Amino acid sequence: MTTIVHVVPHLRPGGLQTMVLELARHGAASERHLVVSLEGEGAAAVAAWPRLQTHVARLRFLAKPAGWTPTLIPRLARLLRAEGAVAVHTHHIGPLVYAGLAARLAGVRHLVHTEHDTWHLQGVRRRWLHWSTLALTRPRLVADAEHVAARIRARLPGWRPRLILKGVDTDHFVPGDRTLAREQLDLPREARLIGCAARLHPLKGQQLLIEALLGLDANTHLALAGSGPEEGALRRLVARLGLSQRVHFMGRVDAMPTFYQALDLCCWPALAEGLALAPLEAQACGIPVVVAATGAAVETACPATARVVPPGDVAVLSTALAVQLAGIARALPSDPRPYVLVRAELRAMAAAYAALRQPAAS
């Protein structure tokens with residue numbers, strides 16, 4: 001049995017964390033996948049994100065305190081030796097620094113590092129840290145989107161990452177019965193329903209989406225799946241705009257395929273993002289999307305069915321939503337699911353990473 005250890009900053013809900021859990025779940029029968037979280041503690045993490053419950057046996061938590069913690073490197077090296085790690089897969093700069101150095105200290109043969117965004121490359125100090133750590137650890141470097149790969153090539157001289165796009169489980173995210181899905185989630189049956197699945201945070205753009213709803217007819221509703229620090233402000237905005245009957249705060253939704261199946265249209269209005277999974281999940285369920293052109297969002301959008309808008313422009317966003325809804329009423333656009341099957345399927349992603357861990361990979 002070959003032990004693969006994934007190292008992440010934390011195990012709170014997010015696209016990076018979802019990708020890692022799915023990679024672990026879809027590992028080969030000959031592989032044992034563990035997930036190490038630098039931050040947090042197990043019971044609290046599972047309570048906050050019940051999805052972790054099915055992965056408990058493979059999870060390890062290091063309860064890293066805030067700030068630079070050099071003692072974590074030898075601690076991680078001991079863990080890797082104890083678990084018999086043959087390969088280490090790090091995600092984001094923090095895990096690369098700690099687990100990349102620990103992997104080399106522990107004599108782990110294969111080190112893969114995936115970058116999911118590049119915000120940390122804007123500052124000279126962090127850019128130098130990243131370049132230096134890559135030079136010391138020499139991982140097989142991967143970007144999960146072309147946007148990320150281009151930034152790495154531009155800001156980290158000498159490094160040309162491989163491109164492996166994030167994938168979604170198209171056996172799990174499938175089209176379904178809209179009426180039944182709305183009944184299960186207690187959403188209005190007859191309304192035209194736009195959905196957004198994201199943490200409630202200013203950078204995710206839900207405020208823009210709520211304001212855009214003002215430009216749409218009264219039978220158009222908005223369902224927000226997720227929680228976060230912006231929830232109070234968003235609820236106050238909804239009340240002030242007189243939209244309380246048309247905006248549905250869903251909180252944490254565990255049955256995400258059901259959420260997407262309930263929608264007519266999914267919108268991702270983020271102001272800053274890497275490559276988000278939500279637009280891919282929605283399209284795998286046959287739901288067309290409107291996405292803001294930030295980060296790698298364009299790479300998630302089916303060219304034949306999606307509309308891409310500039311980030312932060314409420315008027316343009318409202319118009320794009322109206323055009324998409326009008327097209328849906330005329331049975332347009334066509335089904336976006338085939339795009340996801342070809343471009344962003346989970347098993348293809350898992351196979352690409354498995355191949356990268358082989359000794360013959362260059």
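Refer to the structure above for everything that follows.
Predicted, not measured: the structure shown is a model, and the values here were computed from it.

> How would you explain the sheet that holds strand β2 (residues 31–37) if you had to name every residue and give the values?
One open sheet holds the seven strands; their spatial order is β3-β2-β1-β4-β5-β6-β7, and the pairing between them is parallel. The open sheet terminates on both sides in strands that have one partner only, identified here as β3 (59–61) and β7 (162–163). The pairing of strand β5 (residues 110–115) with strand β6 (residues 140–143) spans four bridges and is parallel. Each bridged residue has a counterpart across the sheet, and for Val112 the counterpart in β6 is Arg140. Sheet contacts for helix α3 (residues 72–83): β1 (2–8), β2, β3 and β4 (85–91); angle to β2, the most-contacted strand, approximately 160°.

> Just give me the short version of helix α4 (residues 93–105), but keep the residues and values in it.
Helix length check: α4 (13 residues) gives 18 Å between terminal C-alpha atoms against 18 Å at 1.5 Å per residue, within 8%. Taken residue by residue, α4 has Ile93, Pro95, Leu96, Val97, Tyr98, Ala99, Gly100, Ala102 and Ala103 as its buried positions. Buried-residue contacts for α4 involve β1, α3, β4, β5 and α5 (124–137). Gly107 sits one or two positions beyond α4 and adopts a positive phi of about 75°.

> Which residues make up the packing of α3 against α4, and what are the values?
To characterise two packed helices, one gives the angle between the axes of the helices and the distance between these axes. Close contact between α3 and α4 brings their axes to 8 Å; oriented N to C, the two are set at 55°. With respect to each other, α3 and α4 are oriented oblique. Relative to α4, the crossing made by α3 is right-handed. Contact residues: α3 offers Leu72, Ile73, Pro74, Leu76, Ala77, Leu80 and Arg81, while α4 offers Tyr98, Ala99, Leu101, Ala102, Ala103 and Leu105. Each residue belonging to the contact of α3 with α4 can be placed in one class, and the counts come to twelve nonpolar, no polar and one charged.

> Quick one: what's the story with the nonpolar core, residue by residue and with numbers?
Grouped together as the largest cluster of nonpolar side chains are 78 residues, with contacts concentrated most on Phe259, Tyr260, Leu317 and Leu321. With five residues, helix α8 (residues 206–213) is the single largest residue contributor to this core. Once you skip the residues sitting within four places of it in the chain, Tyr260 turns out to touch Phe173, Ala197, Cys266, Ala278, Glu281, Ala282, Cys285 and Ile287.

Basis of the calculations
Residues numbered from 1 in each chain as written. Predicted model: local features only at pLDDT ≥ 70, side-chain atom pairs only at ≥ 80, totals over all residues. Heavy atoms only, no water. Pairing = 2+ DSSP bridges. Helix = DSSP H or I, 4+ residues; strand = E, 2+ residues; numbered from the N terminus. Contact = heavy atoms within 4.5 Å. Axes fitted to C-alpha atoms, helices over the stretch in contact; angles between N-to-C directions. Expected span 1.5 Å × (residues − 1). Buried < 20%, exposed > 50% of the residue type's maximum accessible area, 1.4 Å probe, protein only. Parallel < 35°, antiparallel > 145°, perpendicular 65-115°, else oblique. Left-handed = near helix turned anticlockwise from the far one by under 90°. Nonpolar A, V, L, I, M, F, W, Y, C, P; charged D, E, K, R; others polar. Core = buried A, V, L, I, M, F, W, Y, C linked by side-chain atoms within 4.5 Å.

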